[in-house]
Amino acid sequence: GLSVPEESPLVARGCLAKMHVLAPVADMVNHHHSARKVGQGNDGGVRVYASRNLSVGDEVVISYGDKCNLELSAHYGFHLSGNTISKCEWDAAIAKQLEKVWA
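Residues numbered from 1 in each chain as written. Predicted model: local features only at pLDDT ≥ 70, side-chain atom pairs only at ≥ 80, totals over all residues. Heavy atoms only, no water.

**Student:** Looking at this structure, I do not really get the overall build of the protein. What am I missing?
**Tutor:** Within the protein, the regular secondary structure consists of three helices and six strands. In the protein, which comprises 103 residues, the share counted as buried stands at 21%. (Helix = DSSP H or I, 4+ residues; strand = E, 2+ residues; numbered from the N terminus. Buried < 20%, exposed > 50% of the residue type's maximum accessible area, 1.4 Å probe, protein only.)

**Student:** Explain the packing of aromatic side chains here, please?
**Tutor:** Across all of its chains, the model carries three aromatic pairs by this definition. Considering the side-chain rings of Tyr64 and Tyr76, the 4.3 Å spacing of their centres and the 35° angle between planes classify their relative orientation as tilted. Separated by twelve residues along the polypeptide, Tyr64 in the loop between strand E6 (61–62) and helix H2 (69–76) and Tyr76 in helix H2 bring together distant segments of the chain. On the basis of relative accessible area, Tyr64 is assigned to the buried category, the value being 16%. Overall, Tyr76 belongs to the partly exposed group, its relative accessible area being 35%. (Phe/Tyr/Trp six-rings, centres within 6.5 Å; stacked < 30°, edge-to-face > 60°.)

**Student:** In this structure, what is going on with the side chain of His31? I would like to understand it.
**Tutor:** Tracing the sequence through the fold places His31 in strand E3 (residues 30–31). We classify His31 as buried; its relative accessible area is 16%. Looking at His31, its side chain comes within polar contact range of the main-chain nitrogen of Tyr64, at 2.9 Å. Residues in contact with His31, not counting those within four places in the same chain, are Ile62, Ser63, Tyr64, Gly65, Phe78 and Leu80. (Polar contact = N/O pair within 3.5 Å; in protein donor to acceptor, adjacent residues only side chain to side chain. Contact = heavy atoms within 4.5 Å.)

If you want it as C-alpha cells, here you go:
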C-alpha cells in the first residue's frame, strides 16, 4: 500500500498509515508473482520498479502480492493455475481499522 497523507483523519485517529489505491497507468500493469511491487517515491508519487534490465518489447509486470485465488478473482478478475497461496487475507485489517473511524 501507499502512505496515507498525514493530514488525513485516518492517520490522525491512528487507524491507517498505508492503504491500497487506484493508481492510473500503474493499475494497468500485469501481475507476475516474482516481479517487484509498485512503490512510492520520496515525493509521494507512484513508482514501478523493474527487478531486472528490460529490453525493447519486454512486458512490464509487477506483483500484486501473495494473494489466494479468491482475492485475485475478487480484486483483479483472474486466478492463477497452481496458486500455492491458500490463506486469504482480504482487507480485514483495513476494515477493522475503519471501524475506529466510524465509531
